[in-house]
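Summary of the model geometry
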Amino acid sequence: PKPGKITKDQVRGAVQMALDRMDQKTIDLMQFHAWDYTDPSWLDGLTFLNELKEEGLIDNIGVTNFDAHHLRIALANGIPIVSNQISHSLIDQRAYGPMKAVCTEYDVKLLAYGTLAGGFLSNRWLGLQEPNSDELATWSQMKYKRFIDAAGGWEIFQNLLQTLQPIAQKHGVGIATLASHYMLSQPAVAGVIIGARLGQSQHVAENERLFSIQLDTADHSKIQSALSSLQKISGDC
């Protein structure tokens, strides 16, 4: 919704607009974003969505960027949320805290974006010197460079890439595919959302290999060792 108070008519209008655009009778997954938790209208919005779900206009309700506390509030109020779309990667491990506990208790799944950290988790950045702000080509790179800084800095990040590279090579894939596969294999994660720059970096064939990799105990042990050197990024999600 737009920021501010949320009425049932607004929610119905948004759902109907989505149905009309897609020429569908039912929406498989309708995602809700809350702008301001201090305004209880966010819970009203979810309640209205649930009423439309009961009418058959929506099959499933999901949320985006909810923290664990407010996700729990919504679930405890009877909103049947099935998924939460959040940043979750080898670098950004915040979801392993309270979020994991809520997901386990209520069987909510995570849709993870940022699994490649704006492309930093790839062979392209292996062994390179730390870039300055002028060398970052996209807003996404600027954003995820701050994640790298918060997780301990460039040297620790390079250690992670150096750990991932031989494991990826062993399985015949790139670091990026390994990084996304690792997140996809986490119990609470139902799917990963991988960005594509059409005509520049689509990587369709390699992304299809996400489902064919089988990491062994040694692989997991090496990755966990590298992850243990990262600093925890503060916050929930």
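Here the structure is shown first, and the text comes after it.
Described below are features of the structure shown in this document.

Thresholds, definitions, all that
- Sequence positions are assigned chain by chain, starting from 1 and proceeding in written order.
- Given that the model is predicted, a residue must reach a pLDDT of at least 70 before its local features are reported, and side-chain atom pairs must reach 80 or more before they are shown or counted; all residues, however, enter totals for whole chains, interfaces and linings.
- Side-chain metrics in this entry use all non-hydrogen atoms of the structure; hydrogen atoms and water are not considered.
- Between rings of Phe, Tyr and Trp, where Trp is taken as its six-membered ring, a pair exists when centres lie within 6.5 Å; planes separated by under 30 degrees are stacked, by over 60 edge-to-face, and by other angles tilted.
- Among buried residues, those of type Ala, Val, Leu, Ile, Met, Phe, Trp, Tyr and Cys that are joined through side-chain atoms within 4.5 Å constitute a nonpolar core.
- Here the term buried applies to any residue with accessible area under 20% of the maximum for its type, exposed to any over 50%, and partly exposed to those in between, with areas from a 1.4 Å probe on protein chains only.
- Note on definitions: a residue-residue contact is assigned when non-hydrogen atoms from the two residues lie within 4.5 Å.
- At least two bridges found by DSSP between two strands are what make those strands a pair.
- By definition, any uninterrupted DSSP run of H or I lasting at least four residues is a helix, any uninterrupted run of E lasting at least two residues is a strand, and each is numbered from the N terminus.
- Axes, fitted as lines to C-alpha atoms, cover a helix only where it is in contact. Angles between the N-to-C directions of the axes lie from 0 to 180 degrees.
- Each helix should span, by expectation, one fewer than its residue count multiplied by 1.5 Å.
- Two kinds of site are reported from a 1 Å grid over the protein atoms alone, namely cavities, where a 1.4 Å probe fits but cannot get out, and pockets, open sets with protein on both sides within 12 Å along at least five of seven lines, and residues are called lining when an atom falls within 4 Å of a point.
- Grid points are joined across faces, edges and corners, and a volume is the space filled by probe spheres set on the points.
- Any angle from 65 to 115 degrees is called roughly perpendicular, while one under 35 is roughly parallel, one over 145 is roughly antiparallel, and all others are oblique.
- In this scheme the crossing of two helices becomes right-handed for a clockwise turn of the near helix relative to the far one and left-handed for an anticlockwise turn of less than a right angle.
- Whenever a nitrogen or oxygen atom comes within 3.5 Å of another N or O atom, the pair is scored as a polar contact, on the condition that within protein one atom can donate a hydrogen and the other can accept it, and that pairs from neighbouring residues in sequence are kept only if both atoms are in side chains.
- Arc definition: directions from the helix axis to the C-beta atoms.
- Note on terminology: pairs of cysteine sulfur atoms within 2.5 Å are recorded as disulfides.
- Orienting the strands away from the viewer, one traces the path from the first strand over the helix to the second; a clockwise path indicates a right-handed crossover.

Quick word on the packing of aromatic side chains
Taken as a whole, this structure holds 10 aromatic pairs when the rule is applied. An angle of 85° between the planes, with centres 5.5 Å apart, marks the rings of Tyr-37 and Trp-42 as edge-to-face. Clustering of aromatic rings is evident, with ring pairs tying together Phe-32, Tyr-37, Trp-42 and Phe-66.

Topic: the nonpolar core
Note that soluble globular proteins tend to have their nonpolar side chains buried in a common cluster. Formed by 71 residues in total, the largest nonpolar core has its most connected members in Val-15, Leu-46, Leu-90, Ile-91 and Leu-121. Ignoring any residue separated from it by four or fewer positions in sequence, one finds Leu-121 in contact with Ser-89, Leu-90, Ile-91, Thr-115, Leu-116, Phe-157, Leu-160, Leu-161, Leu-164, Ile-175, Ala-176 and Ala-179.

Thoughts on the sheet that holds strand 5 (residues 189–193)
Read from one edge of the open sheet, 5 strands run 1-2-3-4-5, paired in parallel fashion. This sheet does not close on itself; its edge strands, each paired only once, are strand 1 (27–32) and strand 5. Across the sheet, the mean angle from the axis of one strand to that of its neighbour is 25°, orientation sign disregarded. Together, strand 1, strand 2 (58–64) and strand 3 (81–87) form the strand contacts of helix 2 (residues 41–55), whose direction differs from that of strand 2 by roughly 160°.

Thoughts on helix 2
Here helix 2 is 15 residues long and its end C-alpha atoms lie 21 Å apart, about the 21 Å a rise of 1.5 Å per residue gives. For helix 2, the set of buried residues is Ser-41, Trp-42, Leu-43, Gly-45, Leu-46, Phe-48, Leu-49, Asn-50 and Leu-52. Elements that come into contact with the buried residues of helix 2 comprise helix 1 (8–22), strand 1, strand 2, helix 3 (68–76) and strand 3. Once helix 2 ends, the next one or two residues include Gly-56, with phi positive near 100°.

Some thoughts on the layout of surface pockets
The computed volume of the second largest pocket comes to approximately 320 Å³. Along the wall of the second largest pocket there are 15 residues; nearest its centre are Pro-1, Lys-2, Gln-10, Val-11 and Ala-14. For the lining of the second largest pocket, the secondary-structure elements that each account for two or more residues are helix 1, strand 1 and helix 2. Counting residues per element, the lining of the second largest pocket draws most heavily on helix 1, which supplies 4 residues.

With respect to the packing of helix 2 against helix 3
Between helix 2 and helix 3, the least distance of the axes is 11 Å, while the angle of their chain directions is 45°. Between helix 2 and helix 3, the interaxial angle falls into the category oblique. Regarding helix 2 and helix 3, the two cross each other, and that crossing is right-handed. Contacts from Trp-42, Leu-43 and Leu-46 in helix 2 reach His-70, Ile-73 and Ala-74 in helix 3.

Describing the side chain of Asn-84
Considering the arrangement of structural elements, one finds Asn-84 in strand 3. A relative accessible area of 0% places Asn-84 in the buried class. Polar side-chain contacts of Asn-84 include one of 3.4 Å to the backbone nitrogen of Asn-65. At a separation of 3.0 Å, a polar atom in the side chain of Asn-84 contacts the main-chain carbonyl oxygen of Phe-66.

Focus: helix 1
Look at helix 1: 21 Å from first C-alpha to last across 15 residues, which is about the 21 Å you get at 1.5 Å a residue. Looking at helix 1, one finds that the buried residues are Val-11, Val-15, Ala-18 and Leu-19. The arc that holds every buried residue of helix 1, seen down its axis, measures 100°, which confines them to one face. Summarising the geometry of helix 1, the exposed residues directed more than 90 degrees from the buried face are Asp-9, Asp-20 and Arg-21. Considering only its buried residues, helix 1 is in contact with strand 1, helix 2 and strand 2. With its phi angle positive at about 55°, Asp-23 sits one or two positions after the end of helix 1.

Things to note about the state of the cysteines
Under the counting rule described, the total for this entry stands at 0 disulfides. Of all cysteine sulfurs in the structure, the one in Cys-237 sits closest to Cys-103, which takes part in no disulfide; the separation is 9.9 Å.

Observations regarding the pairing of strand 1
Bridge count for strand 1 against strand 2 is 5 bridges, and the pairing is parallel. Residue pairing across strands places Phe-32 opposite Val-63, the latter belonging to strand 2. Considered for its hand, the β-α-β crossover made up of strand 1, helix 2 and strand 2 is right-handed.

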